[in-house]
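Coordinate inspection notes
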Amino acid sequence: MRDNTKNTNVFDSAHGYPGVLAEIADAIGEDAAMTIANQYGGTRLYVPKRIQVVHPLAELLGMEAAQKLASVLGGQDHFDIPQAVALKRAKRNAQIFADRAEGASVSELARKNSMSERNIRAIFAARRVFETTKQKPSGKPTNRFNLQEKSHERAKHKATTR
């Protein structure tokens, strides 16, 4: 039996879901895991061995998914359900990038996501910084600082070869 009393925030590599949400995603799907995180995130949840039609999990997920969850996790200790803030943010940002690629304006994205235009621009800026500092296959980051160093190295080389 697993130790459910630990509140680990370890991400499962297959899904990116923290803690018990990875097991829930495996059992009943990623959408249902996010539904549980939205409803119960930050609290403890007990899953009974048998789910009745009027059980809150049956009402939230549907009877079939709730019964499947009960067959996998039912009757164990209470589970600490992670809020999955980082995962929710990553999914939101991915949707923002997709909407922008389809032509949505910064203003439209801000309204759709209940954010300020400044926050939307910051998300795009953070992505640009990430993409410009990615590692090349050579192992050296490709960013403006390395380009300046390379330019300086070329100038030194020219001076020594003359």
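Attention in this report is confined to the structure presented alongside it. (Residues numbered from 1 in each chain as written. Predicted model: local features only at pLDDT ≥ 70, side-chain atom pairs only at ≥ 80, totals over all residues. Heavy atoms only, no water.)

Now for the overall build of the protein chain. Within the protein chain, the secondary structure is distributed over eight helices and two strands. Reading the protein chain from its N end, one meets helices and strands in the order α-α-β-α-α-β-α-α-α-α. Relative to its 162 residues, the protein chain shows a buried fraction of 31%. Long-range contacts, defined as pairs at least 24 residues apart, comprise 53% of the intrachain contacts of the protein chain with a sequence gap of at least 6. Accessible surface computed for the protein chain: about 10900 Å², of which carbon and sulfur atoms make up 51%. (Helix = DSSP H or I, 4+ residues; strand = E, 2+ residues; numbered from the N terminus. Buried < 20%, exposed > 50% of the residue type's maximum accessible area, 1.4 Å probe, protein only. Contact = heavy atoms within 4.5 Å. Areas by Shrake-Rupley, 256 points an atom, 1.4 Å probe, with all protein chains shown as cover.)

All of the buried residues in helix α4 (residues 63–73) are A65, A66, L69, A70 and L73. End-on view of α4: buried residues confined to an arc of 140 degrees, all on one side of the axis. The outward face of α4, more than 90 degrees from its buried face, is lined by the exposed residues E64 and S71. Contacts made by the buried residues of α4 are with α1 (20–28), α2 (30–40), α3 (56–61) and β2 (79–80). One or two residues past the end of α4 sits G75, with phi positive at roughly 80 degrees. (Arc of directions from axis to C-beta.)

Looking now at the nonpolar core. Counting 29 residues, the largest nonpolar core has I24, I28, I36, L57, L69 and I81 as its most contacted members. Those elements that provide at least two residues to this core are α1, α2, α3 and α4. When residues in this core are grouped by element, the largest group, seven residues, is from α1. Within the second largest apolar cluster, 10 residues are counted, among which are I96, F97, V106 and I123. (Core = buried A, V, L, I, M, F, W, Y, C linked by side-chain atoms within 4.5 Å.)

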